[in-house]
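# Close look at the chain arrangement
Residue-level listing of the chains:
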Amino acid sequence: MKALRFYAPGDVRLEDIPEPVCGDDEIKIKVKNCSTCGTDVKIYKNGHQNITGVTTMGHEVAGEIVEIGKNVAGDWKIGDGVQSIAAVPCGECHECRKGWMQVCENQTSVGYQYDGGFAEYMIVPQQVLKVDGLNKIPEGVGYDEASAVEPFACALNAQELLGIEEGDFVVVFGAGPIGCMHTRIARGVYKAGTLVMVDINAERLKMSADAVKPDITIDSSSVDVVKKVMELTDGRGADVIITATPANVTQEQALAMAARNGRISFFGGLPKTDPTITCDSNLVHYRQLHIHGANGSAPEQHKRALQYVASGQLPVKDLITRHIKLEDALQAFDIVAKGEAIKVTVEP
């Protein structure tokens, strides 16, 4: 079969490799869609500490069951459409026992320790099945939509920590796919009030705003975003700010524009070579700010995200603006890196 294999930073190859064999405790799927994200681009360029050998990339996966190991429990059937988690908790450590599977200390990942979905076939490992991380795709949900559930689950994880209330003034930094998903969740699930989307790329901002329709857009390449938000809120500031970008300055701006009792999600990780920001601690103290990290998602959040998509509460179909064949998968990385599409999916 064909698979997109990571060898080293900058060295990713589309190769013919043996079709994987399904073990007794595993499920084999025919991949229908594997969507891409900024993390794939970072891995392509810089590698990742958890990828220690030649690995098939791709972690936003949906497909059709073609083989079921003899020891696998459950009501799985050949032909079932399924979606897999990407970050795989161990289910046994302190964090997992506490219900904090997003921050499992023994976490492994599809496309890292396990071969991923940029391939014609993929093995769903025992570790995924153990934590109930494989989900049947609800009727009416396409494989491309199901493959985009993984980032939706990550965004859902962040917002479940924020306590967004109906009518809140919400600012989302970043007009990429994650920013679009945050906008949809804040409106569709939490009934936020005014939604503001911020980006430095005017073309991407327009493309994404046309899709998810925030109430206000701010091109931060030409506008003082903190000053603008303060004007829009009569000096009160934003109730919730989500930084869905890997930019230090957006985190500092989030602190500066937060209202009293404001909630901030540092959703986008910063470069490891420049991971610090300047934090005015008195702002945090006197405004009683709440700063949250957000890391991945738990298996149960995938299930909720799938149901939101199936119900129409969180539309995703229109966010998938490019479909790329596996043979052209490297083009998908370029499209993502340049911000030329909202969401790009690869179809073997």
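Coordinates for the structure precede this section.
So, a few notes on the structure that sits alongside this text.

### Topic: the pairing of strand β11 (residues 170-173)
Residues in a regular strand point their side chains to alternate faces of the sheet. In β11, alternate side chains face the same way, and those of V170 and V172 on one face and V171 and F173 on the other are all buried. Handedness of the crossover is the feature at issue here: the chain leaves β11, passes through helix α6 (residues 177-188), returns alongside strand β12 (residues 195-199), and the resulting connection is right-handed. Bridge count between β11 and strand β14 (residues 238-243): four bridges; the pairing is parallel. In the sheet register, V170 faces β14, and the bridge partner there is V240.

### Brief notes about unusual backbone geometry
The residue K213 is not glycine, and still its phi comes out positive at about 55 degrees. For D234, which is not a glycine, the phi torsion comes out positive at approximately 55 degrees. With respect to the helices and strands, the residue D234 is situated in the loop between α8 (225-232) and β14. For D234, a relative accessible area of 75% gives the class exposed.

### A few points about the pattern of salt bridges
Scanning all chains against the criterion turns up 22 salt bridges. Across the pair D80 and K136 runs a salt bridge, and its minimum N-O distance is 3.6 Å. Of the two residues, D80 is situated in the loop between β5 (60-68) and β6 (81-84) and K136 in strand β10 (residues 134-136); the sequence distance between them amounts to 56 residues. Given a relative accessible area of 31%, K136 falls into the partly exposed group. Members of the salt-bridge network, linked through shared partners, are D75, K77, D80 and K136.

### Details of the packing of helix α5 (residues 149-162) against helix α11 (residues 299-311)
Packing of α5 against α11 brings their axes to within 8 Å, and their N-to-C directions diverge by 110 degrees. In terms of their interaxial angle, α5 and α11 are classed as roughly perpendicular. Contacts from V149, E150, F152, A153, L156, N157 and E160 in α5 reach Q301, H302, R304, A305, L306, Y308 and V309 in α11.

### Observations regarding the sheet that holds strand β4 (residues 55-56)
Within the open sheet, the three strands sit side by side as β2-β1-β4. Their pairing is antiparallel. Either end of the sheet is taken by a strand with one partner, and the two such strands are β2 (11-16) and β4. For strand β1 (residues 2-8) and β2, the ladder comprises six bridges, and the chain directions are antiparallel. Following the sheet pairing, A3 is matched in β2 by E15.

### Points about helix α7 (residues 202-212)
The complete set of buried residues in α7 reads L205, S208, A209, A211 and V212. Within α7, the buried residues cover an arc of 160 degrees as seen down the axis, which keeps them to one side. With respect to the buried face of α7, the exposed residues turned more than 90 degrees away are E203 and K206. Of the surrounding secondary structure, the elements contacted by the buried residues of α7 are α6, β12 and β13 (216-219). Positive phi appears at K213, one or two residues downstream of α7, with a value of about 55 degrees.

### Focus: the nonpolar core
Formed by 42 residues in total, the largest nonpolar core has its most connected members in F152, I164, V170, I185, F267 and L319. Those elements that provide at least two residues to this core are α5, β11, α6, β12, α7, β14 and α11. For this core, the element with the most residues is α5, which contributes eight residues. Residues within four places of I185 in sequence aside, it is in contact with F152, A155, L156, Q159, Y190 and L314. In this structure, I29, V41, W76 and I324 belong to the second largest nonpolar core, which totals 36 residues.

### Considering α8
Among all positions in α8, only V225, V226, V229 and M230 are buried. An end-on view of α8 places all buried positions within 135 degrees of arc, on one side of the element. As for α8, its buried residues are in contact with β11, β12, β13, β14 and α9 (248-257).

### Brief notes about the environment of P138
Following the sequence through the fold, P138 ends up in the loop between β10 and α4 (143-147). Placed 111 residues apart in sequence, P138 and I27 show a C-alpha to C-alpha distance of 19 Å. For P138, the residues in contact, after removing those within four places along its chain, are L306, Q307 and A310.

### Observations concerning the packing of helix α1 (residues 38-46) against helix α12 (residues 329-338)
Their axes nearest at 9 Å, the elements α1 and α12 cross at an angle of 110 degrees. On the basis of their axis angle, the class for α1 and α12 is roughly perpendicular. Like other packed secondary-structure pairs, α1 and α12 cross with a definite hand, here left-handed. Contact with α1, carried on its side by G38, D40, V41, Y44 and K45, involves L330, F333, V336 and A337 of α12 and no other residues of that element. Of the residues belonging to the contact of α1 with α12, the class tally is six nonpolar, one polar and two charged.

What counts as what
Residues numbered from 1 in each chain as written. Predicted model: local features only at pLDDT ≥ 70, side-chain atom pairs only at ≥ 80, totals over all residues. Heavy atoms only, no water. Buried < 20%, exposed > 50% of the residue type's maximum accessible area, 1.4 Å probe, protein only. Helix = DSSP H or I, 4+ residues; strand = E, 2+ residues; numbered from the N terminus. Right-handed = clockwise from strand over helix to strand, strands pointing away. Pairing = 2+ DSSP bridges. Salt bridge = Lys/Arg side-chain N within 4 Å of Asp/Glu carboxyl O. Axes fitted to C-alpha atoms, helices over the stretch in contact; angles between N-to-C directions. Parallel < 35°, antiparallel > 145°, perpendicular 65-115°, else oblique. Contact = heavy atoms within 4.5 Å. Arc of directions from axis to C-beta. Core = buried A, V, L, I, M, F, W, Y, C linked by side-chain atoms within 4.5 Å. Left-handed = near helix turned anticlockwise from the far one by under 90°. Nonpolar A, V, L, I, M, F, W, Y, C, P; charged D, E, K, R; others polar.

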